[in-house]
Each structure stands twice: as structure tokens, then as C-alpha cells.
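What follows is the residue order along each chain.
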Amino acid sequence: MIGAAHPGFTHLQTGTAEADWRRADLEGLPVLDAEAPEISFGPGRVLLVGAAHPDDECLGAAGLIVTALAAGADVMVLLCTRGEASHPESPSVSAEQLAGTRRAEFDAALRELRSGAGRIAGTVGVRPGRAEAVELGLRDGSLSDSVAEIAAAADKLIRDSDRKRVIVAAPYRRDGHPDHAAVGEALARTALDAGALLLEFPIWFWHWAEPDVDTEWRHWNRLPLASGAVGSKSDALGAHASQVKPLTDAAGDEPVLGQAQLEHFQRDFEVFRVTAPATRDSTSASSEFDGVHADADDPWALRTSWYERRKLAMLLAMLPDSHAPNALEIGCSIGESTAALAERSSRLIAVDASAAALRLAEAKLAGNPSVELVLATLPHEWDMLDVPDGTLDLVVLSETGYYLAEDELCELVSRSCRALAPSGALVLCHWRGPIVGWPLDGDRVHALAARLGMRRLAAFVQDDTLIDVYENGDPGSRKSCFAQWCGEPNQEHAPRPTAKSPQPAKPTEPTVKL
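Keep in mind that this is a model prediction, so the values were computed, not measured.

This part is about the overall build of the protein chain. When helices and strands are counted, the protein chain shows 15 helices and 15 strands. Computed over its C-alpha atoms, the radius of gyration of the protein chain comes to 25 Å, within 12% of the 24 Å expected for a compact globule of 514 residues. By principal-axis analysis of the C-alpha atoms, the protein chain measures approximately 65 × 50 × 45 Å. Per-residue burial for the protein chain yields a buried fraction of 55% across its 514 residues. Restricting the contact set of the protein chain to residue pairs at least 6 apart, pairs at least 24 apart contribute 78%. A total of about 21200 Å² of accessible surface is found on the protein chain, and carbon and sulfur atoms cover 51% of it. In the protein chain, the 48 positive side-chain charges and the 75 negative ones have mean positions that sit 5 Å from each other.

With that settled, consider the sheet that holds strand β5 (residues 197-201). Picture the strands of a sheet paired through backbone hydrogen bonds; they go either parallel or antiparallel. What the 7 strands build is an open sheet, ordered β3-β2-β1-β4-β5-β7-β6; its pairing is mixed. Two strands bound the open sheet, and with one partner strand each, they are β3 (131-138) and β6 (221-224). Averaged over all pairs of adjacent strands, the angle between strand axes in this sheet comes to 25°, irrespective of strand direction. Sheet analysis places strand β1 (residues 45-51) next to strand β4 (residues 165-171), joined by 5 bridges and oriented parallel. Bridged to Val 46 within β4 is Val 166. This element, helix α4 (residues 147-159), spans β1, β2 (74-81), β3 and β4 of the sheet and lies at about 160° to β2.

On to the side chain of Ser 282, then. Its place among the elements puts Ser 282 in the loop between β7 (269-275) and α10 (285-295). Looking at Ser 282, the relative accessible area reads 1%, which means it is buried. Of the polar contacts made by the side chain of Ser 282, one reaches the side chain of His 380; its length is 3.0 Å. With sequence-adjacent residues up to four places away left out, Ser 282 is seen in contact with Thr 377, Leu 378, His 380, Tyr 403, Leu 404 and Glu 408.

Burial within strand β11 (residues 392-398) is extensive, with 6 of its 7 residues counted as buried. Where strand β8 (residues 324-330) and β11 come together, 4 bridges link them in parallel fashion. Bridge assignment links Ile 330 to a residue of β11, and that residue is Leu 397. Handedness of the β11-helix α14 (residues 406-419)-strand β12 (residues 420-431) crossover: right-handed.

The end-to-end C-alpha distance of helix α11 (residues 306-318) is 18 Å, a good match for the 18 Å that 13 residues give at a rise of 1.5 Å each. Those residues of α11 that sit buried are Tyr 307, Glu 308, Lys 311, Leu 315, Leu 316 and Met 318. Around the axis of α11, the buried residues are gathered within 165° of arc, so they sit on the same side. Within α11, the exposed residues directed more than 90 degrees away from the buried face are Trp 306 and Ala 317. Looking at the buried positions of α11, the neighbouring elements they touch are α12 (336-342), β11, β12, β13 (455-461) and β14 (465-471). For α11, the capping residue at the N-terminal end is Ser 305, with a side-chain oxygen 3.2 Å from the backbone nitrogen of Tyr 307.

Next up on the list: α14. Its 14 residues give α14 an end-to-end C-alpha distance of 20 Å, which sits within 8% of 20 Å, the value for a rise of 1.5 Å per residue. Of all 14 residues making up α14, 12 are buried, and the element is well covered by its neighbours. For α14, the complete set of buried residues consists of Asp 407, Glu 408, Leu 409, Cys 410, Glu 411, Leu 412, Val 413, Ser 414, Arg 415, Ser 416, Cys 417 and Ala 419. Where the residues of α14 are buried, they touch β7, β8, β11, β12 and α15 (442-450).

Definitions and limits used
- Residues numbered from 1 in each chain as written.
- Predicted model: local features only at pLDDT ≥ 70, side-chain atom pairs only at ≥ 80, totals over all residues.
- Heavy atoms only, no water.
- Helix = DSSP H or I, 4+ residues; strand = E, 2+ residues; numbered from the N terminus.
- Rg over C-alpha atoms; globule rule 2.2 N^0.38 Å.
- Buried < 20%, exposed > 50% of the residue type's maximum accessible area, 1.4 Å probe, protein only.
- Contact = heavy atoms within 4.5 Å.
- Areas by Shrake-Rupley, 256 points an atom, 1.4 Å probe, with all protein chains shown as cover.
- Lys, Arg positive; Asp, Glu negative; His and termini not counted.
- Charge placed at Lys NZ, Arg CZ, Asp CG, Glu CD.
- Pairing = 2+ DSSP bridges.
- Axes fitted to C-alpha atoms, helices over the stretch in contact; angles between N-to-C directions.
- Polar contact = N/O pair within 3.5 Å; in protein donor to acceptor, adjacent residues only side chain to side chain.
- Right-handed = clockwise from strand over helix to strand, strands pointing away.
- Expected span 1.5 Å × (residues − 1).
- Arc of directions from axis to C-beta.

This is the structure in C-alpha cells:
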């Protein structure tokens, strides 16, 4: 699952073996081409790497750093803490001593990466880029309180980089460590504001995640590393002696990174979650849609638009049963569709990421005891719904899927299916026009859902609208939304429109399949 904000793990646990990841075909991930135009490391390019602690930059991105430097790009590492809390139970070393030790290790590791890049660059006659570090001096373990400060520091580094082309790399936001999440969130904001490519690197994810359960990794990319880069990464990790070796033989002085964990970082490739420049995902939803609803109490004309009223009527007419005892609506907005769905259910959970939208929905639904409004960003806050598996009869995902990244959408659909009873229905409804600034569109949303292989009960296809209704079925018969496909299942959908408005003047004749 995505979004296990604080998964129950410690570094002392065995964790997931590297062999398990290999068996799951981690090496089969699509390749991230370092020479592609959107990356194209070389003079004039800057790689900004965020590190919550000394060694984060090596564990997740040392190969990336060496590759960039060797091609002539400059690298800036934003070090947020000195990692003084790595051994809280140590009887032999104080936090202050650890801070000094770990900063010295960080400097030594960065020298190793510079040297390795210089050797690689020398073989092809390229002048290597510069590698510099900026330290914020924040408190280890408390970075969740400093997201704005970290983002401001990263913004300044980009502004001061002579407006060179920038790529941002940061810890994966759902890595399971609060400090990693904070740095990842801060630099994701920076990348979005700067229009920069964002590369998120997992660290602890490889330890606590299960390849067949926490399947978002199947949408990530693999950066192959030259042998020189692999060797430089190994040397740089070795410089972090306080983390890879015991401080002493005493209890509390054990290495943070045992051999089992280190095996994840001895690969001849690195893995990144890639977000294209100027592209949002679910983490932007709350602020974006609060702003939209601040300007208008019905920004999509849900109450008055013929397009919206007709679409809702069609969706309701396509529901397989007249009554769904337990239902979930994802993306309820101001509550127009919620009111209609409430008439068809005994209990309806209506979710939205916008507090402003939910306030308007609350006013419309006042006095309706069957509706529970929940403020949550899905899929990352799914647990806030408190919905046991197999208990829902209906899930409606309407005009929401394209505001998620591909891995987030697949996780949301998968979680919805687990929450549905075998006879339950999953309904998707989306506009087919262009969605500017977000990674998906309506056709892609419905194609990804089709990967699950569920029985489609009904479909409505028009130039501007898609509605699909699926029977959940036996969980054992479902395929994976994350599976790598050579081609998409045949959705039999008409070509999507180029219209910029979801309210066409003359709707074309729809195709309905029941």
C-alpha cells in the first residue's frame, strides 16, 4: 500500500530480503535514460539533492550524483540535519559527538563521489561538475515541523543557481521515516514551483515494504549505473562508518544499516519515482482545490450545468442495484452527487481533500444522518476511513482519478476493491478532455482500472465523458493495476476530444453498453 505514514518497522528487524525484490523483477523496471532531453546531464545542468541525514544522499542517489558529476553537471546537496539521533540508546557516544562524527563522514563520502566522478569523466575527456553541500542544522527527528523552512532553503539554492536547468532529487515521500517524508514534501514543492523534474529515491521502503503488497514501485524507473559509479557508491557508503559498523560492542551501539539492508544499495542501478516538470499529484489536491472553492462556491457549475446534471443522472441510472447499504464516494466536492447517492444507500462515506469543498457539502447535507463527510487525501490517508475489507457495496470515483499520479491511482483503485464485497460495484466517471498540470487524463484513468480484469457491467462512452461500472468479484481472480502490460485492454472507447471545456455545445450521440 502507498501511504503507510509510520509503518511499524525498526532497523533492527530483518526486513524484506533483497532476493525478494529480485524475484519480483525489480530489474525489469523501465529504464530512466540519463541522456534523455528531460534529464540530459551535462554543463549547465544542476542536480539538487535533499538529504534528511548524512548518508541519505549515498543510499538513495550516490549513483545519480556520480553520473551527473561525470557528465559535467553541478550537484548541490541540501543536508538538513547531522543525524545525531541515529543511536538514541548508545551508552558510549553522545548526540553531540555523533553530530560531529556524522558530518565528517558526510564530507568524506562527498569527496569519494567527487573522486569517482572525476575518474569516469577523465576516461571520456569531460570536465566533471562541482559538488557542494549546504547544511541547515535542523534537529534530527523533528523535520516535520520544518517543511516550509526546508522548501525555502531549496528555493533559494535554485534561485542562486544562475537559472540553470535544475533536476531535484529527494527521499520518497512515503518512505516510512517522518524526516524523509518532510524533506521529500519540501523538495517536491520546490520542484513543482521551479518546473523541475523530481526524482524521489526510496531508502527504508526497501526494508519494510513487501513487493507483492506495496506495489507502487512497479511504476518507478531504474537508472543503470556504470561500474565506476557502483564502486564510488560503495566507497562513499563505507565512509559512513558510524552507520554501517557498530560503534562498540555494547547494546545500543549496533549498526543502523546491517548487511541485509545494505544489499538494497549494492545494486548496479538505482530506483526513482519520477514526476514530470510542472506536474502535480495528490499531495497538491488540498491546497489547489481549497483555492478553487475560495473563488466560487460551485466552481464546476455542478448545480446548473446541463453536462453535469446529465452525467450524474446517467451515472445513477447505471448503478447495478437500486440500493447500496454501504457506499463510498471519493471526491464528493460540494455534495451535489453525494445527496443523490445518499438516496440510494443506508450509509455513505463521502471523502474530499478540500476542507472548503466539504464545508459547502456539509451545508447542503445538513440533517442527513446517513452521510459521513471525511477530509482526507487518498490513497495516503485511506486508514482515516476506517473501512474494513469486504464491507462496501459501492465505491464511486468521479472526476478525481486524474488528480493523482499513476501509482497513487492504482493504489486507490486496489484499496477500493479490497474494501468492496465480491458483489460490490466500482464506478468510475471522468471527463475526457485535457487536464493541464496533472499527470493523467480520463482515458488513462479508465485504462488503468481496466487492468484489474474485473467484469464490466456497463459503460457509457461519449466524446467528453467515460463511465465504467465493474463488479468487484473474487479477489483471487483480480489482476494487478500495477502490472506491466505490453498494451492496454481494449476499452472500445471513442477517440478522446480536443475540447477545452467539459460543457460541449452539441453533445454527440453517446455509445451505451449494458
